[in-house]
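Topology and contacts: notes
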Amino acid sequence: MTIRFLTFATFFSFLAFIGPDNNRFPQDFFDEPVPRQPMLLSGTFGELRPDHFHTGIDIKGGIGVPIYAAGIGEVARISVNPDGYGNVLYLNHPNGFTTVYGHLNEFSPEIAAYVRAAQYAQESFVVDLTPPPGKFRVRKGEEIAKMGTTGHSFGPHLHFEIRETINDKPINPLLFGLRVVDNVAPQLYEIKLYTFNDKFGITSGKKTTLKTRTGEYRLAIGDTIKLTEAQVGVALKTYDHMDGSANQNGIYELQMKVDDQDHYRFRTEAVVFKETRFINAHLDYAERVSHGSYYHRCFLLPGNSLSMYEQVVNRGMINLEKGQTKKVSFAVSDVAGNIAKGTFWIKRVDEPTTQVASTPEPVYNYVLPYLQNNAIDNVDVQVDFPKGTFYEDCYFLYGASTPSNPAVFSRVHTLHNSRVPVHDFFTLGIRPTRLPDSLKNKAFVAGLGNSGRETNYGGVWKNGLLVAQTRMLGDYAIMIDTVPPRVVPERFLPDMSKSSGFGFVISDNFGTGGFTPDLQYRAEIDNHWVLMSYDEKRARIAYRFDDIIPPGDHHFKLAVWDAKGNRRIWEKDFKR
Ligand SMILES: [Zn+2]
């Protein structure tokens, strides 16, 4: 590949005809990275996902579909991971943008050979490589990889991003003139209305379905919601749809007006990685955790520092005088400019109504102001919440109980409940009960989620407490792990002269959370490290034969170990 780069002069002359408004991003530089046109999307930029905003678009396709460089440039980074983006390529372009191609099935042959050499040199399946400048230059439209579903992906697609190279900030790729056919407007499904009081903040939330007959959305029943409170917040459940795809995708922009005045605007033009977890303040976290429902809040919790809002008046809250009626209207749009509109009215009345039911006052034993450091400490437990843990003052309920499970070696500490979001890691120290000294190095802080599987959050011993970090509220206790991982062979035969490879399903008795590493493994043939790929979502490691192993008798040995150092060895002879 001997492609010369665009010079910076070319770059700037190119910038010169980018307009100030709609064309803030180059419109002709990038082409679609997949051959099928128009692109069909199963995910859009800024879409609400668990604990993050989606930072790319998901382009539909099948395993092995060729992936093309979206523009002239060079490979800046190659990464292989059992989770996350799986096999991923980063291309730097001379116009100051980086494109990212995730979940790839395979890299182009030259890149694949480079990756494989690095994996053998580092004796690791997981690699994160930055090739020297000029090593892999690519033309626009050159095939760089094949589509796949590696990493955290549940079906073949290309995860495609465009980032500003200088600050690694993802920008909505659909703002770059890529072709998708989208004549379908977003849909508005439900609103949720929140009322507030002075003492506890949000006191209640009520959901109301929206319906459309004429193109404009209205309440399913009536047109006015009556309430007695002076302050109201609104959240909206809305998705975008496009031609030829049944997926519920994320919207581009959500605008709310009150009495026809701009009141709130949320836009998914860019996502800043260090802000992405503020999604748990943007959406209704309890709805997400309890029901898997995603509501855009159209008001800001006090600790929400997300930069995706514009024109927010009164933090998005709506104030009502007694007897006053206000008109609330939404306009929700996609990048193609299709708009869905909805309108309803809210009225403050004197008499209590049943329309917005008051919830009982919260039961709590600690008040944790969001603007300061907070701690809960007693003999058995020490919890330190740094400033910024909560998005609003938290009326916190702490409790402790005696465990019924004999595998638990402390009291069970209930840190409020898992429906309240926590922005960053906080420190949790637990004192053990009846834990023999000989098992101290097998102990860990366990999250006792309600899914039934306990999670290992690790921990170090400090002043008699086992101290770990987590960013989930809920039940915690000390447990021990002395059980090695399970290793189940697949297609491992005494004679593999006709086999292309073999694999194992590896699993452990505990999940991992916080900073605890997942299962580790090392595979050897005749005492030499060999590459086994790891697909974390399928719990499978796989080996493919190549020229390195000649015909004849060989010995295979696999070691798999968990975060507590419990190790399983599996070994057998085979003929090649
Ligand atoms: Zn994606």
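Presented here is an overview of the structure given in this document. Please read these numbers as outputs of a predicted model, since none were measured by experiment.

Focus on the pattern of salt bridges
- One pass over the full model with this rule turns up 28 salt bridges.
- A salt bridge links Arg538 to Asp535; the shortest N-O distance between them is 3.3 Å.
- Judged by its relative accessible area of 15%, Asp535 falls in the buried class.
- A salt bridge links Lys575 to Asp553; its shortest N-O distance comes to 3.8 Å. With Lys575 in strand E48 (residues 567–575) and Asp553 in strand E47 (residues 553–561), the pair connects residues that are 22 residues apart, well separated along the chain.

Side note on the coordination of the zinc ion
- In this structure, His54 (NE2), Asp58 (OD) and His159 (ND1) serve as the protein donors to the zinc ion, at separations of 2.0 to 2.1 Å.
- Along the chain, the residues donating to the zinc ion are arranged with the sequence spacing H-x3-D-x100-H. Separated by 105 residues along the polypeptide, His54 in the loop between strand E3 (52–53) and strand E4 (57–60) and His159 in strand E13 (residues 157–164) bring together distant segments of the chain. Assigned by exposure class, His54 and His159 land together as buried.

A word on the sheet that holds strand E5 (residues 66–68)
- Read from one edge of the open sheet, three strands run E5-E12-E9, paired in antiparallel fashion. Every interior strand has two partners, whereas the edge strands, E5 and strand E9 (106–107), have only one.
- Where E9 lies against strand E12 (residues 143–146), two bridges are found, and the strand directions are antiparallel. Its bridge partner being in E12, Glu106 is matched across the sheet by Lys146.

Re the environment of Tyr194
- For Tyr194, the position within the fold is in strand E15 (residues 187–197).
- In this structure, the C-alpha to C-alpha distance between Tyr194 and Met317, residues 123 residues apart in sequence, is 9.5 Å.
- Here the side chain of Tyr194 touches Asp284 through a polar contact of 2.6 Å, side chain to side chain.

Re the packing of aromatic side chains
- Inspection of every chain in the model, using the stated rule, returns 40 aromatic pairs.
- Aromatic pair Tyr101 and Phe160: ring centres 5.4 Å apart, planes at 55°, arrangement tilted. Here Phe160 lies in strand E13 and Tyr101 lies in strand E8 (residues 97–104), a separation of 59 residues in the sequence.
- By relative accessible area, which is 0% here, Phe160 ends up buried.
- With 5.9 Å between their ring centres and 65° between their planes, Phe502 and Phe545 make a pair best called edge-to-face. In this pair, Phe502 is assigned in strand E41 (residues 501–507) and Phe545 in the loop between strand E46 (540–544) and E47, connecting sequence segments 43 residues apart.
- According to the relative accessible area criterion, Phe502 is buried, its value standing at 0%.
- When the ring centre of Phe409 is taken as origin, the NZ or CZ atom of Arg434, which lies over that ring, is 4.6 Å away.
- Of note, Arg567 hangs over the ring of Trp561, and the distance from its end group to the ring centre comes to 4.3 Å.

Description of the pairing of E12
- Sheet topology places E5 next to E12; three bridges connect them, and they run antiparallel. Residue pairing for E12: Ile67 is matched across the bridge by Ala145.

Quick look at empty space enclosed by the protein
- All told, the structure shown has one cavity of 30 Å³ or more when counted by the stated rule.
- A volume near 80 Å³ is recorded for the largest cavity.
- Classifying every residue of the lining of the largest cavity gives six nonpolar, three polar and three charged.

Observations regarding the pairing of strand E6 (residues 73–80)
- Judged by how many residues are buried, E6 sits mostly within the fold: six of eight residues are covered.
- One ladder, built from two bridges, connects E6 with strand E11 (residues 137–138); its direction is antiparallel. By the bridge assignment for E11, Glu74 is matched with Arg137.
- The sheet contact formed by E6 and strand E7 (residues 87–92) spans five bridges and is antiparallel. When the bridges of E7 are listed, Ile78 appears paired with Leu89.
- Hairpin connection, E6 to E7: the antiparallel pair is bridged by six residues, and Gly84 has positive phi, about 60°.
- Inspection of the sheet shows E6 paired to strand E10 (residues 127–129) by three bridges, in the antiparallel sense.

Observations concerning helix H2 (residues 109–122)
- Taking 1.5 Å of rise per residue, 14 residues should cover 20 Å, and H2 covers 20 Å from first to last C-alpha, within 8% of that figure.
- Taken as a whole, H2 has its buried residues at Ile111, Val115, Ala118 and Gln119. Along H2, the residues classed as buried sweep out an arc of 100° about the axis, all on the same side. Turned more than 90 degrees away from the buried face of H2, the exposed residues are Pro109 and Ala121.

Conventions adopted
- Residues numbered from 1 in each chain as written.
- Predicted model: local features only at pLDDT ≥ 70, side-chain atom pairs only at ≥ 80, totals over all residues.
- Heavy atoms only, no water.
- Salt bridge = Lys/Arg side-chain N within 4 Å of Asp/Glu carboxyl O.
- Buried < 20%, exposed > 50% of the residue type's maximum accessible area, 1.4 Å probe, protein only.
- Helix = DSSP H or I, 4+ residues; strand = E, 2+ residues; numbered from the N terminus.
- Donors = N, O, S within 2.8 Å, 3.2 Å for Na, K, Ca; no water.
- Pairing = 2+ DSSP bridges.
- Polar contact = N/O pair within 3.5 Å; in protein donor to acceptor, adjacent residues only side chain to side chain.
- Phe/Tyr/Trp six-rings, centres within 6.5 Å; stacked < 30°, edge-to-face > 60°.
- Lys NZ or Arg CZ within 6 Å of the ring centre and 35° of its normal.
- 1 Å grid on protein atoms, 1.4 Å probe; cavity = no way out; pocket = protein on both sides within 12 Å on 5 of 7 lines; lining within 4 Å.
- Points joined across faces, edges and corners; volume = space filled by probe spheres on them.
- Nonpolar A, V, L, I, M, F, W, Y, C, P; charged D, E, K, R; others polar.
- Expected span 1.5 Å × (residues − 1).
- Arc of directions from axis to C-beta.

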